[in-house]
Amino acid sequence: QVQLVESGGGLVQPGGSLRLSCAASGFTFSGYTINWYRRAPGKEREFVAGIMWTARGTAYADSVKGRFTISRDNAKNTVYLQMNSLKPVDTAVYYCNARIGTTYDYWGQGTQVTVSS
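Right, let's walk through the structure included here. Since this is a predicted model, take the numbers as computed values, not measurements. (Residues numbered from 1 in each chain as written. Predicted model: local features only at pLDDT ≥ 70, side-chain atom pairs only at ≥ 80, totals over all residues. Heavy atoms only, no water.)

1. Here we look at unusual backbone geometry
At step 1: In this structure, N77 takes a positive phi of about 55° despite not being glycine.
At step 2: Mapped onto the elements of the fold, N77 is located in the loop between β7 (68-73) and β8 (78-83).
At step 3: Residue N77 is classed as buried on the basis of its relative accessible area of 12%.
At step 4: Within the chain, S85 stands out as a residue other than glycine whose phi angle is a positive 50°.
At step 5: By the element assignment, S85 lies in the loop between β8 and β9 (92-100). (Helix = DSSP H or I, 4+ residues; strand = E, 2+ residues; numbered from the N terminus. Buried < 20%, exposed > 50% of the residue type's maximum accessible area, 1.4 Å probe, protein only.)

Listed below in structure tokens is the structure:
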């Protein structure tokens, strides 16, 4: 029943925008830090952005700061990643993660983002 489902990925040209969604079922985001990670082909997984429950504090990787925005809709139990000014280096599978310390750690299946002309 515990499930995270990412959506919104696709093919976009450099400079374009996409909005990714992460919807939770079987639990609520209350108390969790929600993160977006990505894995490019042949590369290690890297942190992209995160949003805390408390005060909705956010954090971003330097590579996406100023271009990406993470937000949450508590009523919909959904977290979003707005991605603007996309670059080819942003091409990756993007994963949603819900975490509380080392006690809870849930992952979605990933959604493909491809930035190409």
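2. Comments concerning the sheet that holds β8
Note: strands within a sheet are paired through backbone hydrogen bonds, in either parallel or antiparallel orientation.
At step 1: An order of β1-β3-β8-β7 is seen for the four strands of this open sheet, with the pairing classed as antiparallel. Looking at which strands have only one partner, the edges of the open sheet turn out to be β1 (3-7) and β7. Adjacent strand axes in the sheet meet at a mean angle of 15° when their direction is disregarded.
At step 2: For strand β3 (residues 18-25) and β8, the ladder comprises six bridges, and the chain directions are antiparallel. Within β8, the residue paired with A23 across the bridge is T78. (Pairing = 2+ DSSP bridges. Axes fitted to C-alpha atoms, helices over the stretch in contact; angles between N-to-C directions.)

3. What about the side chain of N97?
At step 1: Its location among the elements puts N97 in strand β9.
At step 2: N97 gets classed as buried once you look at its relative accessible area, which sits at 0%.
At step 3: A distance of 3.2 Å separates the side chain of N97 from the side chain of R99, its partner in a polar contact.
At step 4: When sequence neighbours within four positions are dropped, the list of residues in contact with N97 reads L4, T33, I34, N35, Y37, D105, Y106 and W107. (Polar contact = N/O pair within 3.5 Å; in protein donor to acceptor, adjacent residues only side chain to side chain. Contact = heavy atoms within 4.5 Å.)

4. Comments concerning the state of the cysteines
In protein chemistry, a disulfide is the covalent bond that joins the sulfur atoms of two cysteines.
At step 1: Applying the stated rule across the entire model yields one disulfide.
At step 2: Put simply, C22 and C96 are joined by a disulfide, and their sulfur atoms are 1.9 Å apart. One quick way to see it: the torsion about the S-S bond of C22 and C96 is about -80°, and its sign makes the bridge left-handed. Within this pair, whereas C22 is found in strand β3, its partner C96 is found in strand β9, the two being separated by 74 residues in sequence.
At step 3: Its relative accessible area of 0% is what places C96 among the buried residues. (Disulfide = S-S within 2.5 Å.)

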